[in-house]
Protein chains: 4
Amino acid sequence: MDVDKEFFSNITSRERAIFEGAITMGALFHQFVGTPISRDTVESLEKAMKESLELQPAIEKVEAKINRQKLEEVMTGFDYTCVNGDMLDIKIYSKVDDVLAVIRIKFIEELNYPLMFVEDIIE
Amino acid sequence: MDVDKEFFSNITSRERAIFEGAITMGALFHQFVGTPISRDTVESLEKAMKESLELQPAIEKVEAKINRQKLEEVMTGFDYTCVNGDMLDIKIYSKVDDVLAVIRIKFIEELNYPLMFVEDIIE
Amino acid sequence: MDVDKEFFSNITSRERAIFEGAITMGALFHQFVGTPISRDTVESLEKAMKESLELQPAIEKVEAKINRQKLEEVMTGFDYTCVNGDMLDIKIYSKVDDVLAVIRIKFIEELNYPLMFVEDIIE
Amino acid sequence: MDVDKEFFSNITSRERAIFEGAITMGALFHQFVGTPISRDTVESLEKAMKESLELQPAIEKVEAKINRQKLEEVMTGFDYTCVNGDMLDIKIYSKVDDVLAVIRIKFIEELNYPLMFVEDIIE
């Protein structure tokens with residue numbers, strides 16, 4: 001079965017790069033929100049986020065950062081907390097043919113909301 | 001802040017419809033996979049999937065179906081199991097300006113894989 | 001295979017009631033935190049939480065409430081937010097032989113933390 | 001606030017060790033099931049599971065293993081799959097006062113089910 005021909009011939013390479021990157025951003029958010037986290041485990045979690053999401057179709061690279069300041073803001077008296085969307089600062093690079101899309105999530109102060117958007121597209 | 005102008009002026013309405021629908025499909029999959037499910041609770045879970053994901057930006061409608069046959073295939077001796085990706089049969093309708101995108105996940109037998117793709121775009 | 005004899009003969013009925021209820025509380029928290037939620041979808045989500053977790057072994061009943069005030073505190077400008085642990089107010093009733101354990105999660109102001117504990121045991 | 005006195009004086013140290021370990025086992029399962037995984041990312045995910053769950057109250061140590069054979073059984077044509085409960089082989093050590101409880105999940109062939117149980121208690 002030719003998956004590309006069967007299922008993706010109705011959209012352009014640019015649209016598919018956006019599609020695959022967006023799927024992966026939604027996945028990352030909803031898979032990892034809720035995970036216990038502390039100052040000491042930030043890095044192993046960033047690594048697991050990066051490595052697991054890079055497995056998805058068309059994903060070239062994932063840069064996963066937890067915002068340390070946002071982490072501190074919700075730290076509990078037990079010296080750990082749970083990942084929430086506000087602390088995610090992530091770039092997902094998806095590539096289809098010659099098009100590279102950069103999908104981003106970052107917290108936007110004015111909206112009080114972690115916004116997902118297409119940061120860049122390089123053709 | 002004009003979110004559309006600030007963050008989405010670099011993509012077309014058609015691209016944004018794809019983007020928002022894809023985010024929501026990735027979200028739905030990774031939020032609900034793992035949830036305990038039985039023959040008796042399928043409907044309340046389908047409803048919760050539908051209602052929660054329809055909240056996301058640009059989502060017009062979500063049709064969430066659990067494939068009953070796939071559900072039976074993984075039923076345990078305790079008369080329940082956990083949601084997996086193979087049993088998801090979902091259509092997400094996202095609309096931006098005059099463009100309606102239909103994002104789909106369904107299990108593709110030949111790939112042994114629940115594929116996400118753009119089923120239709122109506123402009 | 002006699003599961004009880006094989007795997008649970010090393011603990012009392014009281015201990016097993018606590019065990020099964022605690023498993024289910026941990027499950028509920030980490031399954032549903034992150035789910036999109038609004039004022040209008042609270043009830044369908046409470047129902048899905050209740051019905052899905054009542055499927056787990058030894059669970060008699062689940063009373064799942066989202067604290068509406070806590071929900072409002074994190075509402076975004078898009079009129080929805082994501083479930084977090086602070087808004088969960090849940091009682092899980094697990095029964096093993098003649099012992100009924102009531103496992104609770106509720107937000108404790110003084111700790112700034114949603115605490116899980118054994119609220120009651122009836123023998 | 002004396003949390004122990006306020007919320008845990010109704011159960012023994014042994015019961016609380018079981019309680020805390022069980023919470024964490026339920027959490028681990030429902031947090032990580034669904035995560036994309038391949039042969040190459042098993043180790044970073046095991047590390048993230050271990051480190052994040054060791055943060056929870058009373059948890060001394062988490063030994064998190066993904067069963068490689070179970071992983072292969074569900075490998076897709078895209079060389080990755082999603083974590084399911086069947087591939088989890090995990091020991092959680094929780095300690096309260098002088099009591100150490102070992103909570104285990106492993107796949108039981110005869111039940112076609114990943115069973116959670118109290119493997120050992122050392123007083």
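Undergrad: What exactly am I supposed to notice about the overall build of chain A here?
TA: Looking only at helices and strands, chain A has four helices and six strands in total. Reading the secondary structure of chain A in the N-to-C direction produces α-α-β-α-β-α-β-β-β-β. Structurally, chain A occupies a C-alpha span of about 55 × 30 × 20 Å along its principal axes. Here chain A holds 123 residues, and 63% of them are scored as buried. The contacts of chain A with a sequence gap of at least 6 include a subset with a gap of at least 24, amounting to 55%. With an accessible surface of roughly 4,900 Å², chain A has 42% of that area assigned to carbon and sulfur atoms. Charged side chains in chain A number 14 positive and 24 negative. The centres of these two groups are separated by 3 Å.

Undergrad: What is the right way to read the interface of chain D and chain B from this model?
TA: Counting residues at the interface gives 14 residues for chain D and 14 residues for chain B. A buried area of about 1,000 Å², summed over both sides, lies between chain D and chain B, and 67% of it is on carbon and sulfur atoms. Put simply, chain D and chain B have zero salt bridges between them. Linking chain D with chain B are four residue pairs in polar contact (both at pLDDT 80 or more), by the criterion used here.

Undergrad: How do you make sense of the pattern of salt bridges when you look at a structure like this?
TA: A side chain with one charge may pair with a side chain of the opposite charge, provided their charged atoms come close. Counted under the stated rule, the structure contains 57 salt bridges over all chains. Between A:Glu119 and A:Arg104 there is a salt bridge; the shortest N-O distance is 2.6 Å. With a gap of 15 residues between them, A:Glu119 in strand β6 (residues 113–122) and A:Arg104 in strand β5 (residues 99–108) connect regions that are remote in the sequence. Residue classification places A:Arg104 among the buried positions, given a relative accessible area of 10%. The shortest N-O distance in the salt bridge between C:Lys61 and C:Glu63 comes to 3.3 Å. Owing to a relative accessible area of 35%, C:Lys61 belongs among the partly exposed residues under this scheme. Its relative accessible area of 33% is what places C:Glu63 among the partly exposed residues. Here the salt bridges do not stand alone but share partners, grouping A:Asp89, A:Lys91, A:Arg104 and A:Glu119 into one network.

Undergrad: Please clarify how the sheet that holds strand β5 (residues 99–108) of chain D should be interpreted in this entry.
TA: Strand-to-strand pairing in sheets goes through backbone hydrogen bonds, with the strands running parallel or antiparallel. All names here are of chain D. A sheet is described by the order of its strands in space; here four strands give the open sequence β2-β4-β5-β6, paired in antiparallel fashion. Where the open sheet ends on each side, the last strands, each with one partner, are β2 (59–66) and β6 (113–122). Pairwise comparison of adjacent strand axes, ignoring direction, gives a mean angle of 15 degrees for this sheet. Bridge analysis of β5 against β6 gives nine bridges, and the strand direction is antiparallel. Residue Phe107 lies in a different strand from β6, and its bridge partner there is Pro114. Packed onto the sheet, helix α2 (residues 13–32) meets β2, β4 (88–96), β5 and β6 and runs at close to 35 degrees relative to β5.

Undergrad: Sorry, what's going on with a negative patch on the surface here?
TA: Negative charge collects at one region of the surface, where A:Asp2, A:Glu6, B:Glu109 and B:Glu110 lie side by side. Summarising the element assignment, A:Glu6 is placed in helix α1 (residues 3–8).

Undergrad: How should I be thinking about the interface of chain A and chain B in this particular structure?
TA: A common way to express how large an interface is: the accessible area buried when the components associate. Listed by partner, the interface residues are 30 residues for chain A and 31 residues for chain B. Approximately 2,700 Å² of surface area, both sides summed, lies buried where chain A meets chain B, with 70% of it carried by carbon and sulfur atoms. When the buried area of chain A at its contact with chain B is split by residue, A:Phe7, A:Phe19 and A:His30 rank highest and sum to 22% of it. The interface formed by chain A and chain B includes two salt bridges. Across the pair A:Arg14 and B:Glu15 runs a salt bridge whose closest N-O atoms are separated by 2.5 Å. One can count eight residue pairs in polar contact (both at pLDDT 80 or more) joining chain A with chain B. Counting only elements with at least two residues in the side of chain A that touches chain B, the list comes to α1, α2 (13–32), β5 and β6 of chain A. For the side of chain A that touches chain B, the leading source of residues is α2(A), giving eleven residues.

Undergrad: Help me understand the sheet that holds strand β2 (residues 59–66) of chain B in this model?
TA: All names here are of chain B. Spatially, β2-β4-β5-β6 is the arrangement adopted by the four strands of the open sheet, whose pairing is antiparallel. Each of the sheet's edge strands pairs with one partner strand only, and the pair in question is β2 and β6 (113–122). Averaged over all neighbouring strand pairs, the angle between strand axes comes to 15 degrees, with direction disregarded. Sheet analysis places strand β4 (residues 88–96) next to strand β5 (residues 99–108), joined by seven bridges and oriented antiparallel. Note on β5: the bridge partner recorded for Ser94 is Ala101.

Undergrad: Got a minute to help me understand the relation of the copies chain A and chain B in this structure?
TA: Both copies of the chain are related by one operation, a rotation about an axis with a shift along it. Expressed as a screw transformation, the operator carrying chain A onto chain B has a rotation angle of 180 degrees and an axial translation of 0.0 Å, and the superposed copies differ by an RMSD of 0.0 Å. Here the two chains are linked by the operation of a two-fold rotation axis. Both copies contact each other with a shared surface, as 100% of the interface residues of chain A are interface residues in chain B too.

Undergrad: What am I meant to see in the relation of the copies chain D and chain B here?
TA: Placing chain D over chain B gives an RMSD of 0.0 Å and needs a rotation angle of 180 degrees, together with 0.0 Å of translation along the axis. A high fraction, 100%, of the interface residues of chain D reappear at the interface in chain B, so the copies pair face to face through one surface.

Undergrad: So what exactly am I meant to see when it comes to the side chain of B:Thr76 here?
TA: Mapped onto the secondary structure, B:Thr76 falls in the loop between α4 (68–73) and β3 (81–82). By relative accessible area, B:Thr76 is classed as buried at 11%. A polar atom in the side chain of B:Thr76 sits 3.1 Å from the backbone nitrogen of B:Phe78. Only 2.6 Å separates the side chain of B:Thr76 from the backbone oxygen of B:Tyr80, close enough to count as a polar contact. Ignoring sequence-local partners within four residues, the contact set of B:Thr76 consists of B:Thr81, D:Asn112 and D:Tyr113.

Undergrad: Is there a simple way to think about the pairing of β6(D) in this case?
TA: Where a strand is regular, its side chains alternate between the two sheet faces. Counting buried residues in β6(D) gives seven out of ten residues, a clear majority hidden from the surface. Between β5(D) and β6(D), which pair antiparallel one after the other, the connecting turn spans four residues, and D:Asn112 there sits at a positive phi close to 50 degrees.

Undergrad: Looking at this structure, I do not really get unusual backbone geometry. What am I missing?
TA: Residue and element names in this part refer to chain C. One non-glycine residue, Ala58, adopts positive backbone phi at about 75 degrees. Mapping Ala58 onto the fold places it in the loop between α3 (42–53) and β2 (59–66). Accessibility expressed as a relative area gives 28% for Ala58, which makes it partly exposed. The backbone phi angle of Asn112 is positive, close to 50 degrees, even though this residue is not glycine.

Procedures and definitions
- Residues numbered from 1 in each chain as written.
- Chains lettered and ligands numbered in written order.
- Predicted model: local features only at pLDDT ≥ 70, side-chain atom pairs only at ≥ 80, totals over all residues.
- Heavy atoms only, no water.
- Helix = DSSP H or I, 4+ residues; strand = E, 2+ residues; numbered from the N terminus.
- Buried < 20%, exposed > 50% of the residue type's maximum accessible area, 1.4 Å probe, protein only.
- Contact = heavy atoms within 4.5 Å.
- Areas by Shrake-Rupley, 256 points an atom, 1.4 Å probe, with all protein chains shown as cover.
- Lys, Arg positive; Asp, Glu negative; His and termini not counted.
- Charge placed at Lys NZ, Arg CZ, Asp CG, Glu CD.
- Buried area = accessible area lost by both parts, 1.4 Å probe.
- Salt bridge = Lys/Arg side-chain N within 4 Å of Asp/Glu carboxyl O.
- Polar contact = N/O pair within 3.5 Å; in protein donor to acceptor, adjacent residues only side chain to side chain.
- Pairing = 2+ DSSP bridges.
- Axes fitted to C-alpha atoms, helices over the stretch in contact; angles between N-to-C directions.
- Patch = residues over 30% accessible without salt bridge, like charges linked within 9 Å, V, L, I, M, F, W, Y side chains within 5 Å.
- Least-squares fit on C-alpha atoms with pLDDT ≥ 70 in both.

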